[in-house]
Amino acid sequence: MPDCNRTYPVRVDVRLTEEERDALNAEAMQRGIPRQELLRARVLSEANQPAPIPDIKPVHYSKGRDSIDRAIHAVNRRYNVNSRDLEAIVCTVICALNAKQ
């Protein structure tokens, strides 16, 4: 076996749809672990027991003008939009994301 120095030398293939794979990728990223570790924990956990995987890490947005400036810069890199108009749009989106319901 050419890669026998790996920690886990046995490979198991799983067939997924693209949507299932993307969902697993997103969950693994939120938990801060590779998708492989997420799948291994779920497969090897006892029946009717939660898998021993880390909790999902909350996303924290920085507060203040730097968040607005970074968002405006990111949009300007991709789209040709007037910065004055864009600032109002970005502020509206940020307010909507931070609104408590």
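Residues numbered from 1 in each chain as written. Predicted model: local features only at pLDDT ≥ 70, side-chain atom pairs only at ≥ 80, totals over all residues. Heavy atoms only, no water.

## A word on the overall build of the protein chain
Along the protein chain, the regular secondary structure elements total four helices and zero strands. Going from the N terminus to the C terminus, the protein chain shows its helices and strands as α-α-α-α. Among the 101 residues that make up the protein chain, the fraction classed as buried is 14%. Relative to all contacts within the protein chain whose residues are 6 or more apart in sequence, the contacts with residues 24 or more apart total 22%. As presented, the protein chain carries roughly 9,000 Å² of accessible surface, and 54% of it is formed by carbon and sulfur atoms. (Helix = DSSP H or I, 4+ residues; strand = E, 2+ residues; numbered from the N terminus. Buried < 20%, exposed > 50% of the residue type's maximum accessible area, 1.4 Å probe, protein only. Contact = heavy atoms within 4.5 Å. Areas by Shrake-Rupley, 256 points an atom, 1.4 Å probe, with all protein chains shown as cover.)

## Re helix H3 (residues 65-78)
With 14 residues, H3 should cover 20 Å at 1.5 Å per step; its first-to-last C-alpha distance of 20 Å lies within 8% of that length. Listed in full, the buried residues belonging to H3 are Ser67, Ile68 and Ile72. All buried residues of H3 lie within an arc of 130 degrees about the axis, which places them on one face of the element. The elements touched by buried residues of H3 are helix H4 (83-98). (Expected span 1.5 Å × (residues − 1). Arc of directions from axis to C-beta.)

## Overview of the pattern of salt bridges
For the coordinates displayed, the defined rule picks out five salt bridges. One salt bridge connects arginine 11 with aspartate 13, and the closest N-O pair in it is separated by 3.1 Å. Taking relative accessible area as the criterion, arginine 11 reaches 66% and is therefore assigned exposed. Judged by its relative accessible area of 58%, aspartate 13 is exposed. Residue arginine 31 is joined to glutamate 27 by a salt bridge in which the shortest nitrogen-to-oxygen separation is 2.9 Å. Highlighted residues: arginine 31 and glutamate 27, both in helix H1 (residues 18-31), separated by four residues, approximately one helical turn. Here the two residues arginine 31 and glutamate 27 agree in accessibility, since each one is buried. Residues joined in a network through salt bridges with shared partners are Glu27, Arg31 and Arg42. (Salt bridge = Lys/Arg side-chain N within 4 Å of Asp/Glu carboxyl O.)

## With respect to the nonpolar core
Ranked by size, the top nonpolar core spans six residues in total: Leu24, Ala28, Ile33, Leu38, Ala41 and Ile53. Counting only elements with at least two residues in this core, the list comes to H1 and helix H2 (35-44). When near neighbours in sequence (up to four residues on either side) are disregarded, leucine 38 contacts Leu24, Glu27, Ala28, Arg31, Ile33 and Ile53. (Core = buried A, V, L, I, M, F, W, Y, C linked by side-chain atoms within 4.5 Å.)

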